[in-house]
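Read off the chains here:
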Amino acid sequence: QGTFPDDPEWSTKGDGVWAPTTERANSGVYSIKSPDLSNEDMTPLIANVTLNTNPVWGDGTLVFSILAGVSMPFDDLLYYVDGQMRGQFTEKTYFESQQIQLGPGPHEIVFSYRYNPVGLGVFPPESPDRIGAVYIDDVYFLPSGVTIAPAGPPASSIPGTASPTVSASPTLKLEQPTRSVLPTPVSSPSTIAPTSIPPGAIYYDGFEQGTFPDDPEWTTQGDAVWALTTERATSGVYSIKSPDLMNPDDVTPKTSNVTLVTNGSWGAGTLVFSILGGVNMPYDDLVYYVNDEMRGQATEMTDFETRQIQLAPGPQTITFSYKYNPVSLEVFPPIPLGRIGAVFIDDVYFLPSGVTVAPTGPPVISVPGTTSPTIFPGKLPEPTPTSSPVALPTTLSPTADEDSTVTPTFYPTYVPTVESGSSTIAPTSIPQEAVYYDGFEQGSFPDDPEWSTVGIPTDGMWALTTERAHSGVYSITNPDLSNDGFTSQNSNVTLSYGDPDFEGGSLILSVLAGVEEPIDELVYFLDGAQVGKMVGQYGFETLDIPLGPGAHKITFQYKYNPFNLDALPPPSVNHTGEVFIDDVYVLPFSDTFFDGFETGDFTALEWEISGEQEWMVDETNPL
C-alpha cells in the first residue's frame, strides 16, 4: 500500500528512520528498509522500527520475512519483544522467513539497526557481499493452532551474539548427519568411558574410537576445522581440539564450529560434556549454542570442567563456536603468561530425564540477553543480563584472605521479614522465607560484618550511594577507576555468608551494570570461581546465583580496561561506568524459583514442554 510509516501499528525513530523501498521485496513491490547511518566520524548510531500488536489478539505466531545484509563489526540487526532481546540477524543475502511466538494481549516488537555497534575507530576491509541495510517484508500474525512452515532456508542467526555460521572453507560433512540410535557406553567397547559416567546414559562419545569427524552425529566447519588430539583429555587418550587461527600478521576475525546433532527419538534430558576453554578475550573466545540460542561461554580455563545443558525432546543442534579476534581489534595487547590458546572437548554423553549427575565444575549461570535499543529510554524494560560462565579470575583474586574481609560466625540479627520489617526497608517482592536480606537502608555499609570491599588502587572501594536504588533510598556502587593512562584496575565487594547450617539455595539481588567491554565489565565469583559476567545492563535486573550447603563468599568485581588495552574506544551513549547493587537476599532451596508467566511466552523461559499437545499461557484465571 506504500503507507508506511503512517500505519497506526508501525513507528520508526532514532538517528535515522526506516522507510518504504522498492529496491528489494520478498513479494510484491514494497518492503521497508533501514537507513544509511554511515558517517565519517564512525559515530555509533541506531535506528529502530516498532510494531505494536493488537491488544485483543490471543496467543499466536508473528511471521515476517527479513533480509539482513549487515556484517559485524560494521553493523547488525537485533530484535526485541517487549524489551527482551529475542534474536540477531547478520550476513544474509536473501530473505528468510522468521517466526516469533507471542502470548495474548498487546506486544511491542522492535527491530533495531545499529551502525558500528562496538564503537571501533577504524573498520576492517568490507566483505564484497555486504549490503549494508536490512529489509523487512510480509509481516503477519497467525492465531494459536494455525501453523506455517518457513519459506526460506533455515536461519543461522543466533540471539545475543554474532552468528557462529561461517562460510569459509574448508568444510567437512555439511550434509545432514544420520540420526540413528546411538550406542550406550556398554555396547561400545572400543570407546573408553570414564568411570564417572552414571548408569542410564544412552549416548557417550569419549572420541577413543578415533573416528571423529566421520561420526554421523558430529560435523565441523569454518575457517579451519576441529580435529582429534592426544594433547589433553579428561579421560582416555583422545579429545577434540579447536584449530589454531592465530596469525601475528593477520588479525582478521575467524570462526570454527563443531556441531553435535542429537538423536531425534530421544526425549528430554541433559547433555553433559567436559570442556577446557583455554582462550582469553580479546584474542579468542568459545561460545556454545543450542538450536542457535546462546547457552554459555568457556574462557580463561586451565583445566577441564564438567558442563550440563538441559535439552527438550527431539533432535537438538549443539554448536561450539571458537572465535579468533571476536571484537575485531587491529592490535592485540601482550599475550598473558600461561595462555593455552585452544579449546578441548571430551566425554560427551546424554542422560534421559530423571537421571542426574553432579557437575564437577562451578555452576553454569547462562542468561541470554543484552541491552535494549538505546533510543527508547524508559519505554523498553531492560532484558536479562548476559552471564558468561568461565573458570578462575586472572586479576585481583577474590579468594585471597583480605584483611578487610570478615566472615561472620553468627546469623545476621537484622534480617527482616516482609511483614515485620526492621530499620531496613524491604521491597514487597522479597519472599517471607528469605533467611538473609540487606537493602542497605541502615546506611552502615561497609561496616556490616558480612560485607567487605577492597581494590587496586587501595582507595578504589565500593561505597553507599543514594544515586540509584532498586527500592528504598540506598544501594552500593563501584568506584570510578578510569584514568588517562588506561591502566587496568579492579575493585571488589564481597558478601561473606557465614551460616554453617545453611542447606543450600539461592543468592538473589538486583543489579544495574552500566558497563561495556572493552572499557569495563562486572564479573562475579562464588567461593573464588568465576560464575558470571554482566555488561550493558542499564536498568535493575534480578540476578540469581545458586548456592550449595554451608558458608559462602560471593564477590562482585568491577574491572576497568579488563583486557589491558593501550587505548580504549569511545563509550556508547548509554555507558556510565557505574554498577549498582541493591536488595540482596538468600532463599533456601524450597523457595528459589518463581515464575508468574507474565511474559506470555514459554520460549523465553526455562520450561520444557512434552506430550500430545503443548501447554500454553492463559489469561482467563490468573492468581
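Conventions used here
- Position labels on residues start from 1 in each chain and follow its written sequence.
- Totals for whole chains, interfaces and linings use every residue, but because this is a predicted model, local features are given only for residues with pLDDT of at least 70 and side-chain atom pairs only at 80 or more, for both listing and counting.
- Just so you know, side-chain values use all the structure's heavy atoms and leave hydrogens and water out.
- Ring pairs are drawn from Phe, Tyr and Trp, using the six-membered ring of Trp, whenever the two centres fall within 6.5 Å, and their geometry is named by plane angle: stacked under 30 degrees, edge-to-face over 60, tilted for the rest.
- Starting at the N terminus, helices and strands are each numbered in turn, a helix being any DSSP run of H or I of at least four residues and a strand any DSSP run of E of at least two.
- To sort residues, take the accessible area from a 1.4 Å probe on protein chains only and compare it with the maximum for the residue type: under 20% means buried, over 50% means exposed, and anything in between is partly exposed.
- Throughout this description, the term nonpolar core refers to a set of buried Ala, Val, Leu, Ile, Met, Phe, Trp, Tyr and Cys residues connected via side-chain atoms within 4.5 Å.
- By the convention used here, residues are in contact when the closest approach between their heavy atoms is within 4.5 Å.

A. Layout of the packing of aromatic side chains. Following the criterion strictly, the structure yields 23 aromatic pairs and no others. Ring geometry for tryptophan 57 and phenylalanine 141: centres 4.6 Å apart, planes at 15°, overall stacked. With a gap of 84 residues between them, tryptophan 57 in the loop between strand E4 (45-52) and strand E5 (60-69) and phenylalanine 141 in strand E10 (residues 133-143) connect regions that are remote in the sequence. Where phenylalanine 440 meets tryptophan 451, the ring centres are 5.4 Å apart and the plane angle is 55°; that geometry is what we call tilted. Here the residue phenylalanine 440 occupies a position in the loop between strand E23 (436-438) and strand E24 (451-456), and tryptophan 451 occupies one in strand E24, the gap between them amounting to 11 residues. Taking the relative accessible area as the measure of exposure, phenylalanine 440 reaches 2% and is therefore buried. Look at tryptophan 451 and you get buried, because its relative accessible area is 2%. In this structure an aromatic cluster arises from ring pairing among Phe64, Tyr79, Phe89 and Phe111.

B. Fine view of the nonpolar core. Ranked by internal contacts, the top residues of the largest apolar core, which has 70 residues, are Trp226, Leu286, Phe320, Phe556 and Ile581. Residue contacts for leucine 286: discarding those within four places in its chain leaves Trp226, Ile275, Val279, Gly296, Gln297, Ala298, Thr299, Phe320, Ser321, Tyr322 and Val343. With 31 residues, the next largest nonpolar core counts Trp18, Leu77, Tyr115 and Ile136 among its residues.

C. Structural detail: the environment of leucine 62. Here leucine 62 shows up in strand E5. By relative accessible area, which is 2% here, leucine 62 ends up buried. Note: C-alpha distance between leucine 62 and glutamine 99 (37 residues apart in sequence) is 5.6 Å. Once residues within four sequence positions are removed from consideration, leucine 62 is found in contact with Leu51, Gln98, Gln99, Ile100, Leu102, Ile109, Val139, Tyr140 and Phe141.

Scope: geometric values only; no functional claims are made or implied.
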